[in-house]
Amino acid sequence: SIIDPCLWLRKDCMICLYVDDCIIYANNTSIIDSFITNMRTQGYLLQDEGDVENFLGVNIKETKTGNFEMTQTGLINDILKDLSLHLPNCKYMAHDTPATAILHADEHEPPFKEDWNYRSLIGKLNFLALNSRPDICFAVHQCARWCSNPRQSHGAAVKRIGKYLKTTADKGITFRPDGNHSLHAMCDADFAGTWCKANSNTRSSSLSRTGFVIMYSGVP
């Protein structure tokens, strides 16, 4: 079908699109209603779900001070159920940090053997870390490195993340926009930053890494 190009060259709203879900931002609802109407006339089947409170499993809340809080308690509860940590009378040692050290191959350790799927749990934890819980990014990254051959020590590390999440399930990330509408991009990289003398002949011990963050209005 032919799409009117004027539909995409708008200066009165912003559209955040992820596959077939989107959030539309504008100064008033009439602009959003107009956009949805125009899209429907172009043949798109759109379902208007009202104010954004939940997007892709992420709870979005605006505070009285103009900040925005994003949490994912539903996903955290699913993770706790997979790890059998969801029961209120579950006895375990609570942890105030999601990780304590860098993980290694630990080939001398017994193979991973639990009732839950290691790779599936890492997928859920990755989605959580990338959206609303940057505090577990390092710990999840360490566990994710061993998805192809997890050992018992790696399973214990995943459980530690779960125990940390159980005591912080209602926490998330808070955005505090400064209102200046500025755009900043920052990046960094290292060369062979994971090199380890003890495993100098192991190819995975000499990988380089890079990362970046894009800030709009003072928030990532």
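Quick caveat, the model's predicted, so the values are computed rather than measured.

Engineer: Hey, could you run me through the sheet that holds strand E3 (residues 54-55) in this one?
Structural biologist: Strand-to-strand pairing in sheets goes through backbone hydrogen bonds, with the strands running parallel or antiparallel. The strand order across the open sheet formed by four strands is E3-E4-E5-E6, and the pairing between neighbours is antiparallel. With partners counted over all chains shown, the strands left at the sheet margins are E3 and strand E6 (173-175), one partner each. Note that E3 and strand E4 (residues 58-62) share two bridges and pair antiparallel. Counterpart to Phe 55 in the pairing with E4 is Val 58.

Engineer: Just to check I follow, could you spell out a nonpolar patch on the surface for this structure?
Structural biologist: A surface patch of nonpolar side chains, amounting to about 390 Å² of accessible area, comprises Tyr 18, Val 19, Leu 56 and Phe 127. Topologically, Leu 56 is positioned in the loop between E3 and E4. Looking at Leu 56, the relative accessible area reads 32%, which means it is partly exposed.

Engineer: I'm lost on a negative patch on the surface in this one. Help?
Structural biologist: Residues Asp 20, Asp 21, Asp 33, Asp 48 and Glu 49 make up a contiguous surface patch of negative charge. Relative to the helices and strands, Asp 20 resides in the loop between strand E1 (13-18) and strand E2 (21-26). A residue is classified by how much of its surface remains accessible, and Asp 20, at 66% relative accessible area, is exposed.

Engineer: Hey, could you run me through helix H1 (residues 29-41) in this one?
Structural biologist: Because an α-helix packs 3.6 residues into every turn, residues spaced three or four apart end up facing the same way. Spanning 13 residues, H1 covers 18 Å between terminal C-alpha atoms, matching the ideal 18 Å at 1.5 Å per step. Regarding H1, the residues found buried are Ile 31, Ile 32, Phe 35, Ile 36 and Met 39. Buried residues along H1 cover an arc of 135° about the axis, so they all sit on one side. For H1, the secondary structure elements touched by its buried residues are E1 and E2. Remark: Gly 43 follows H1 within two positions and exhibits a positive phi of approximately 105°.

Engineer: Whenever I open this one, the pairing of strand E5 (residues 68-71) confuses me. Can you help?
Structural biologist: Put simply, side chains in a regular strand alternate between the two faces of the sheet. As defined by bridge partners, E4 adjoins E5 across four bridges and the pair is classed as antiparallel. For Lys 61, the partnering residue across the bridge sits in E5 and is Glu 69. Counted along the chain from E4 to the antiparallel partner E5, the turn is five residues long, and its residue Gly 66 has a positive phi close to 90°.

Engineer: Which parts of the structure should I look at to understand the packing of helix H2 (residues 73-82) against helix H3 (residues 118-131)?
Structural biologist: The packing of two helices is summarised by the inter-axis angle and the distance between the axes. With their axes 10 Å apart at the nearest point, H2 and H3 run at an angle of 155° to one another. Judged by the angle between their axes, H2 and H3 are roughly antiparallel. For the element pair H2 and H3, the recorded crossing hand is left-handed. For the pair H2 and H3, contact is made by Leu 75, Ile 76, Asp 78, Ile 79 and Asp 82 and by Leu 121, Lys 124, Leu 125, Phe 127 and Leu 128, respectively. Each residue belonging to the contact of H2 with H3 can be placed in one class, and the counts come to seven nonpolar, no polar and three charged.

What counts, and at which threshold
Residues numbered from 1 in each chain as written. Predicted model: local features only at pLDDT ≥ 70, side-chain atom pairs only at ≥ 80, totals over all residues. Heavy atoms only, no water. Pairing = 2+ DSSP bridges. Helix = DSSP H or I, 4+ residues; strand = E, 2+ residues; numbered from the N terminus. Patch = residues over 30% accessible without salt bridge, like charges linked within 9 Å, V, L, I, M, F, W, Y side chains within 5 Å. Areas by Shrake-Rupley, 256 points an atom, 1.4 Å probe, with all protein chains shown as cover. Salt bridge = Lys/Arg side-chain N within 4 Å of Asp/Glu carboxyl O. Buried < 20%, exposed > 50% of the residue type's maximum accessible area, 1.4 Å probe, protein only. Lys, Arg positive; Asp, Glu negative; His and termini not counted. Charge placed at Lys NZ, Arg CZ, Asp CG, Glu CD. Expected span 1.5 Å × (residues − 1). Arc of directions from axis to C-beta. Contact = heavy atoms within 4.5 Å. Axes fitted to C-alpha atoms, helices over the stretch in contact; angles between N-to-C directions. Parallel < 35°, antiparallel > 145°, perpendicular 65-115°, else oblique. Left-handed = near helix turned anticlockwise from the far one by under 90°. Nonpolar A, V, L, I, M, F, W, Y, C, P; charged D, E, K, R; others polar.

Purely geometric numbers; function is a separate question.
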